[in-house]
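Given next are the chains, with one letter for each unit.
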Number of protein chains: 2
Amino acid sequence: MKKVFFVALMAAMCATTWAAPAKVSSPGNVISVDLDVDAQGIPTYQVFHKGKAVVKPSKMGFDLAKAPLPGSFDNILDKSKGAALDLRTGFEIKDVKHSSFNETWKPVWGEESEIVNNYNEMAVTLVQPKIQRTVVVKFRVYDDGVGFRYEFPQQPTLNYFVIKEERTQFAMTGDHIAWWIAGDYDTQEYEYTRCRLSEISKRFDDALCGNASQEQFSKTGVQTALQLKTDDGLYINLHEAALVDYSCMSLNLDEKNLVFESWLTPDAQGMKGYMQTPCNTPWRTIMVTESANDVLASRLILNLNEPCKLEDTSWIKPVKYMGVWWEMITGKGSWNYSDELPSVKLDLNDFSKLKPNGKHSANNDNVKRYLDFASKHGFQQLLIEGWNIGWEDWAGNSKDYVFDFVTPYPDFDIDMLNKYAHDRGMRLMMHHETSSSVRNYERHMEKAYQLMNKYGYNSVKSGYVGDILPRGEHHYGQWMNNHYLYAITEAAKHHIMVNAHEAVRPTGLCRTYPNLIGNESARGTEYQAFGGTKPGHTAILPFTRLQGGPMDYTPGIFEMDLTYAGNKSKVLSTIGGQLALYVTFYSPLQMAADLPENYEKHLDAFQFIKDVAVDWDKSVYLESEPMEYITIARKAKGTNDWFMGGIAGMKPHDSKVKLGFLDPGVKYEAIIYADAKDADYKTNPQAYTITKRTVTAKDELKLHAVAGGGWAISLKPIAK
Amino acid sequence: MKKVFFVALMAAMCATTWAAPAKVSSPGNVISVDLDVDAQGIPTYQVFHKGKAVVKPSKMGFDLAKAPLPGSFDNILDKSKGAALDLRTGFEIKDVKHSSFNETWKPVWGEESEIVNNYNEMAVTLVQPKIQRTVVVKFRVYDDGVGFRYEFPQQPTLNYFVIKEERTQFAMTGDHIAWWIAGDYDTQEYEYTRCRLSEISKRFDDALCGNASQEQFSKTGVQTALQLKTDDGLYINLHEAALVDYSCMSLNLDEKNLVFESWLTPDAQGMKGYMQTPCNTPWRTIMVTESANDVLASRLILNLNEPCKLEDTSWIKPVKYMGVWWEMITGKGSWNYSDELPSVKLDLNDFSKLKPNGKHSANNDNVKRYLDFASKHGFQQLLIEGWNIGWEDWAGNSKDYVFDFVTPYPDFDIDMLNKYAHDRGMRLMMHHETSSSVRNYERHMEKAYQLMNKYGYNSVKSGYVGDILPRGEHHYGQWMNNHYLYAITEAAKHHIMVNAHEAVRPTGLCRTYPNLIGNESARGTEYQAFGGTKPGHTAILPFTRLQGGPMDYTPGIFEMDLTYAGNKSKVLSTIGGQLALYVTFYSPLQMAADLPENYEKHLDAFQFIKDVAVDWDKSVYLESEPMEYITIARKAKGTNDWFMGGIAGMKPHDSKVKLGFLDPGVKYEAIIYADAKDADYKTNPQAYTITKRTVTAKDELKLHAVAGGGWAISLKPIAK
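Only a predicted model underlies this, so the values are computations on that prediction, with no experimental measurement involved. (Residues numbered from 1 in each chain as written. Chains lettered and ligands numbered in written order. Predicted model: local features only at pLDDT ≥ 70, side-chain atom pairs only at ≥ 80, totals over all residues. Heavy atoms only, no water.)

A. How the structure looks around the overall build of chain A. Looking only at helices and strands, chain A features 13 helices and 37 strands. By the compact-globule yardstick of 27 Å for 720 residues, chain A fits well, its C-alpha radius of gyration being 26 Å. In terms of principal-axis extent, the alpha carbons of chain A reach across some 90 × 70 × 50 Å. The buried share of chain A, taken over its 720 residues, is 66%. The long-range fraction of contacts in chain A, counting pairs at least 24 apart against all pairs at least 6 apart in sequence, stands at 72%. Of the roughly 25,000 Å² of accessible surface on chain A, 50% is carried by carbon and sulfur atoms. In chain A, 78 side chains carry a positive charge and 88 a negative one; their mean positions are 3 Å apart. (Helix = DSSP H or I, 4+ residues; strand = E, 2+ residues; numbered from the N terminus. Rg over C-alpha atoms; globule rule 2.2 N^0.38 Å. Buried < 20%, exposed > 50% of the residue type's maximum accessible area, 1.4 Å probe, protein only. Contact = heavy atoms within 4.5 Å. Areas by Shrake-Rupley, 256 points an atom, 1.4 Å probe, with all protein chains shown as cover. Lys, Arg positive; Asp, Glu negative; His and termini not counted. Charge placed at Lys NZ, Arg CZ, Asp CG, Glu CD.)

B. How the structure looks around the pairing of strand E5 (residues 62–66) of chain A. Residue and element names in this part refer to chain A. Direction of pairing for E5 relative to strand E6 (residues 86–87): antiparallel, over a ladder of two bridges. Along E6, the bridge assignment pairs Phe62 with Leu87. When E5 meets strand E11 (residues 160–166), the two strands line up antiparallel, connected through four bridges. From the neighbouring strand, Phe62 faces E11, where its bridge partner is Glu166. (Pairing = 2+ DSSP bridges.)

C. Seen up close, the relation of the copies chain A and chain B. Mapping chain A onto chain B calls for a screw motion: a turn of 180 degrees about the axis and a shift of 0.0 Å along it, with 0.0 Å RMSD after fitting. Expressed as an axis order, the relation between the two copies is that of a two-fold axis. (Least-squares fit on C-alpha atoms with pLDDT ≥ 70 in both.)

D. How the structure looks around the confidence of the model for chain A. Overall, the predicted model of chain A reaches an average pLDDT of 95, with 96% of residues at or above 70. Predicted complex metrics record ipTM = 0.95 and pTM = 0.96. (pLDDT = per-residue confidence, 0-100.)

E. Local environment of the environment of Asp186(B). Residue and element names in this part refer to chain B. You can see Asp186 is positioned in the loop between strand E13 (177–180) and strand E14 (193–196). Expressed as a C-alpha distance, the spacing of Asp186 and Ser521, which sit 335 residues apart in the sequence, is 9.6 Å. With residues up to four places along the chain from it excluded, the contact list for Asp186 reads Ser213, Gln214, Glu215, Ile468, His474, His475 and Tyr476.

F. Here's a closer look at the state of the cysteines. Residue and element names in this part refer to chain B. Under the definition given, this model contains zero disulfides over all chains. The thiol of Cys248 is not disulfide-bonded; the next cysteine sulfur, from Cys510, is found 16 Å away. For the unlinked cysteine Cys279, the closest cysteine sulfur is that of Cys248, found at 18 Å. Residue classification places Cys279 among the buried residues on the basis of a relative accessible area of 14%. (Disulfide = S-S within 2.5 Å.)

G. Just the sheet that holds strand E3 (residues 43–49) of chain A, in detail. Residue and element names in this part refer to chain A. A sheet is described by the order of its strands in space; here eight strands give the open sequence E1-E2-E3-E4-E12-E19-E18-E15, paired in antiparallel fashion. Every other strand in the sheet has two partners, leaving strand E1 (22–25) and strand E15 (221–222) as the edge strands with one partner each. Note: strand E2 (residues 31–37) against E3, seven bridges, orientation antiparallel. Looking at E3, one finds that Val37 is bridged to Pro43.

H. Quick peek at the sheet that holds E11(A). Reading across from one edge, E6-E5-E11-E20 (chain A) is the order of the four strands in this open sheet, with antiparallel pairing throughout. Edge positions in the open sheet fall to E6 and strand E20 (273–276) of chain A, since each of these has one partner strand only.

I. Looking closely at helix H9 (residues 478–493) of chain B. Residues and elements named next belong to chain B. Given a rise of 1.5 Å per residue, 16 residues ought to cover 22 Å, and the 23 Å separating the end C-alpha atoms of H9 matches this to within 8%. Within H9, 13 of the 16 residues are buried, which leaves the element mostly enclosed by the surrounding structure. At the exit of H9 stands His495, carrying a positive phi of roughly 55 degrees. (Expected span 1.5 Å × (residues − 1).)

J. Just the packing of aromatic side chains, in detail. One pass over the structure, following the stated rule, counts 70 aromatic pairs over all chains. Between the aromatic rings of Phe608(A) and Phe643(A), the centroid separation amounts to 5.9 Å while the plane-to-plane angle is 70 degrees, which identifies the pairing as edge-to-face. Pair noted here: Phe608(A) is in helix H13 (residues 603–611) and Phe643(A) is in strand E32 (residues 642–648), with a separation of 35 residues, a long-range link. Both residues of the pair, Phe608(A) and Phe643(A), belong to the buried class. Centre to centre, the rings of Phe152(B) and Phe161(B) are 5.0 Å apart; their planes meet at 70 degrees, and the pair counts as edge-to-face. (Phe/Tyr/Trp six-rings, centres within 6.5 Å; stacked < 30°, edge-to-face > 60°.)

K. A look at the interface of chain A and chain B. Contacts between the two partners involve 33 residues from chain A and, on the opposite side, 33 residues from chain B. Here chain A and chain B share an interface that buries about 3,200 Å² over both sides, 48% of which is from carbon and sulfur atoms. The largest per-residue losses of area from chain A upon contact with chain B belong to Arg443(A), Arg471(A) and Trp479(A), which jointly make up 23% of the total buried on that side. On the surface where chain A and chain B come into contact, there are two salt bridges. In this structure, the salt-bridge partner of Glu442(A) is Arg443(B), at a minimum N-O distance of 2.7 Å. Counting across the interface, chain A meets chain B through 25 residue pairs in polar contact (both at pLDDT 80 or more). Elements supplying a minimum of two residues to the side of chain A that touches chain B: E20, helix H8 (438–455) and helix H9 (478–493) of chain A. Among the elements that make up the side of chain A that touches chain B, the one with the highest residue count is H9(A) (four residues). When grouped by side-chain class, the residues that make up the side of chain A that touches chain B number eleven nonpolar, twelve polar and ten charged. (Buried area = accessible area lost by both parts, 1.4 Å probe. Salt bridge = Lys/Arg side-chain N within 4 Å of Asp/Glu carboxyl O. Polar contact = N/O pair within 3.5 Å; in protein donor to acceptor, adjacent residues only side chain to side chain. Nonpolar A, V, L, I, M, F, W, Y, C, P; charged D, E, K, R; others polar.)

L. Here's a closer look at the environment of Gln154(B). Positionally, Gln154(B) belongs in the loop between strand E10 (145–152) and strand E11 (160–166). Beyond its immediate sequence surroundings of up to four residues, Gln154(B) is in contact with Pro342(A), Ser343(A), Asn159(B), Thr277(B) and Pro278(B). Engagement of the side chain of Gln154(B) in a polar contact is seen with the side chain of Ser343(A), the distance being 2.9 Å. Polar contacts involving the side chain of Gln154(B) include one to the main-chain carbonyl oxygen of Thr277(B), which spans 3.4 Å.

M. Layout of the environment of Ile575(A). All names here are of chain A. Inspection of the secondary structure puts Ile575 in helix H11 (residues 575–584). Judged by relative accessible area, Ile575 falls into the buried class, the value being 0%. Once residues within four sequence positions are removed from consideration, Ile575 is found in contact with Phe558, Met560, His602, Ala605, Pro685, Gln686 and Tyr688.

N. How the structure looks around the packing of helix H10 (residues 575–584) of chain B against helix H12 (residues 603–611) of chain B. All names here are of chain B. The interhelical angle for the contact between H10 and H12, taken along N-to-C directions, is 10 degrees, at an axis separation of 10 Å. One finds that H10 runs roughly parallel with respect to H12. For the pair H10 and H12, the contacting residues are Ile575, Leu579, Tyr582 and Val583 in the first and Ala605, Phe608 and Ile609 in the second. For the contact of H10 with H12, the class distribution of residues is seven nonpolar, no polar and no charged. (Axes fitted to C-alpha atoms, helices over the stretch in contact; angles between N-to-C directions. Parallel < 35°, antiparallel > 145°, perpendicular 65-115°, else oblique.)

O. Main features of the packing of helix H6 (residues 364–376) of chain B against helix H7 (residues 414–423) of chain B. Residues and elements named next belong to chain B. At a closest axis distance of 10 Å, the pairing of H6 and H7 adopts a crossing angle of 10 degrees. Relative to H7, H6 is oriented roughly parallel. Contacts between H6 and H7 involve Asn364, Val367, Lys368, Leu371 and Asp372 from the first element and Met416, Leu417, Tyr420 and Ala421 from the second. For the contact of H6 with H7, the per-class residue count stands at six nonpolar, one polar and two charged.

P. Quick peek at the pattern of salt bridges. In the structure shown here, the tally under the stated rule is 72 salt bridges over all chains. For Lys272(B), the salt bridge identified is with Glu165(B), shortest N-O distance 2.5 Å. Of the two residues, Lys272(B) sits in the loop between strand E19 (259–264) and strand E20 (273–276) while Glu165(B) sits in strand E11, which places them 107 residues apart along the sequence. The two residues Lys272(B) and Glu165(B) agree in class, both being buried. In this structure, a network of salt bridges that share partners links the residues Glu121(A), Lys138(A), Arg140(A), Arg149(A) and Glu151(A).

Q. Quick peek at the side chain of Ser218(B). Residues and elements named next belong to chain B. Here Ser218 shows up in the loop between helix H2 (200–203) and strand E15 (221–222). Residue class for Ser218 comes out buried when judged on its relative accessible area of 17%. Within the local environment of Ser218, its side chain forms a polar contact with the backbone nitrogen of Thr220, the two atoms lying 3.0 Å apart. The residues contacting Ser218, other than those within four sequence positions of it, are Phe204 and Asn252.

R. The arrangement of the side chain of Thr281(B) in detail. All names here are of chain B. Looking at the secondary structure, you find Thr281 in the loop between strand E21 (279–280) and strand E22 (283–289). On the basis of relative accessible area, Thr281 is assigned to the buried category, the value being 1%. Apart from residues lying up to four places away in sequence, Thr281 is in contact with Phe62, Arg149, Tyr150, Phe152, Glu166 and Tyr246.

Printed below as a string of structure tokens:
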């Protein structure tokens, strides 16, 4: 009797504190959110756009695998019912707090020099009175979307706990169009599929392609950022922000009810998160806009991240670079030095005694050749892959001690080459392929960063190809997410910028740690040498992958026919289309990925890559539709120069662009690099035109991009 | 047709190379080994002692989980039959090579200053002709036992492979007596059971006790070193030597046929070994002796390890130490500084603002008190546990960032205390409890070692309490074995000696890396405060656990009644028995584990601990029987002093010891510390006698140890 009374009393106490659903609207009253608990006590939220539901009532909460309670709770808990493991039902709203926030902040680098962060916040305190457990759900509501996260205050009844699964729903209001890639614990290197939600499982198998490490979990599993479009023409984008010390979230669709639910990446034991209060989840984000352009213009993900945590950022510089890379990707050269060894033991093999294979690209002469070309054309850095011993058997062997990150091959004179670069006003860019042997990388990281400092490297491209060691962990799990951030923060101590490939897809952490200047985490240009990537891919990535941060997509391929490398794959793009990417793909790290000899044949077109900026004061999103076309104009940081780019997907695209964004009264010299009329991404990809004309803000330009093609324009004020 | 012919030809070629079983005998012809292949082509060995079988025909080999073959083997392999995964059947003997070895080497520290390593070797090259795969089984046969290992040469058909299970058998010739502890992937902290082989499964459940991390795999699973005794009175000891980059081996018994088979520790995925040729397994060892003393005298395990790999060993010094430790073990004091926090976040909590709990043992005053006492009595070092922040929630929470290994609690002035110690001719001993969060330890290791160098620490006790992070890995798996050795070799770079607790049980690696001066890896003295350990335990460990290397058993408890600490456990030993351990347990690292105030009450008995050496020129094993009694005499290194010790198990033991090992014609002052007649390990543990007499090599001493008790003697030449 006593026990029942106690529980009933607590329930009564709480029930009196809050009756109606908690509500919050965006500053401009465009987006609003309700939160209530349902009959089972499950917190349930809805999202509205201009009063119309865009997310139907959606449940929130967690199934826990472990959540030790203090001994005193033995009395009020029926342990056999697992009340301690249920962080989903039996909730009541205890308190609701509202606040507002409006600031303008300056990113270290970015698509614009100032970003407005303006939201209304609602923090809803939810309690499970039976076990006196509290969770706060915090909403930040913007005019272009919502972020919410779970916050777990420190409390006796919730201290350490293990998440079996997060149960956050996103209930769709209709059978929307989705642009999606398969949910996977290890890779996002897929082409996108566009279809109705109800068709995902049917299309799933066709949406896959091979990768060195991949694991799907469901035929209705998709990744974020997920771009959706309603039949009303609303654009909805589901993603997450500030993924720190937590597992990456994919979404699994209940195809019948059109309800997505969170599906976290498991660890080697199948567990999905080890938590210690006080702590919180990443933000779950729902962007809702009336135009595709507003998706590209949204700063929702960045704004939901913490401000910069680095005190000194003066050493962080956007960089345009070339690389000894594409020649290995295409098969013309090799990363490895010798073909003699069945396998390598770094501590046993003497590389100076091996017979070179004659294809090793990272050799002194070749690197100097690249440096001569890149310095002549004003590049800041040269990436060299395959410079360090171990590439003979680096991939696919679950090898622990695979690289030491400090020992060059005999034909790579690290001292001389760095001096050679510095003498020409350039730096070398470091490469740390880890082969996903992450313990090994961490063991060598400090010395590897010290080596970089010694020789004057200030940026590293890191790689995580293949299955993770410790074995059983996944690229997107909490364990690895912890590692990626460790690599970034340790690098920052050495004033090193990081561009991590095959790492988890970004979630805006570059705001907090702006030395994270790039990631891959999507299907990049390399696949053009692995069989090709269909047009349209570059017109969806800015809506999805790029929402979380810049991508080192490595554009700029001029020679689409790779037979010079003995490679039968074709680069499915045009030179015009490649140039456009330097504007349509925002990144503070941009590569000119092709070989010097291929650029030599088209130095007039190459001029655009030389001219284009990598950091911006302003970006104007002129027109766009996912997977079809994107047209953007950007003003280079600290100058009056503008650059424009336009790309087309599977269909050609004609643009009429009004130049009203230009400074009024100023005359600009426009150099227009465009697909020639007869250009064709399959049969005639190198046909382009370059025209010059003078324009002002009053002009309108008519531009044509062939399918898979594009155009680029540089606009410089004409000196009076 | 062509295919069949090819295989038949290869088989014929190999069959002609070796017909009879391969044989090898020990230098003194005491032990001999045969190896043949059986009808299925399974390599099968036997071991004989003076012509009589001690190991019956026992199969060898591996089941593989993964073993990629070159593409050309598609033609001759029926992949569905998994030929590539079978590294057990279809073998033929291709070649047999014999050689002999005899050298005397000097350990950096040890039970004797010179060790003879004399064996006959037989290397049998085995081939699987069908897939052209070669394995070498190498035997080293000593007069007191056999070591054999598998060697995998680098070859196209065996490059990287994954072991599903090693299938090495040890077929016993009868239902021997076994002294065993339960097979476990994570701990050896068990009491021993003595029973017939056929009784193991019946006794299994009773043989268990709780531990912070444990996982048994079979009710007939036992650990090595496993001590056996035949009805003929032969002592057989099964173990392994030189466990490097491989998983620890337990043994699983086929109780019906009395055949042990290797059972390796799995990783998080259930796999048991990731191998890259050229490589080899550890040595599997079978010691066979006619007396128990010869088990203790055997150097088989050390001899099978590689010679010292450290160029400079001048900094490695055996050490006798005290510690701020037993007072926390008993519950009198605490490791943690505050009781205020439900849990700790090292980067958030300010420890200087916490309320101290008043029990924190590692405080300046208390440490100085220990230093005053220890320095007065000639100890070299003082261990202090609980000196660094994080102990408030260190155990059992699967916590990643649990310690930083460099930040002291506010009441531990690391600078002052080190100076205080140095001023008194002592050093502090570092403590690195990892809570098995091993990534975190490795991340902080370099800075932690640097801190030690800065303040003058030259030894560290490390700890691995609880389940391993990365989660799913085990204390005894390949992943962790790699880590332990990493910690040792990194420490060596800093001239730091390592004493690792809860690490894998040692296998003689201290020969190769003599800065590994201790391990726990067995049930140590601490359990006397956790409920007690039955007498006999200390009389089995030298036969089992100590075969692989020294143990930091932490003897020297003088106050058996722990009620002063509010602890109801009783130390089941006598003061005489505690003193004996300094001789019967060889270790270059010996602790006087009790509190200064407990020693103050018995300074006459304490004198033996002060006097006893920790490094030896010579050891004489006078009498012993596993779990019953051990009597040893040792000559202190570089002196003419001798020390003797004798312990008894569950029954009292009387010894008549002839002193013929002493230098002839020399008179020695013997100080005899012995159990008093009325001493009793339960009711009267502190009753001892101290007598002095003059002895020579012609004398015989009569000594009595009560059950659970013992005696100790110091013998110093009397100056003429």
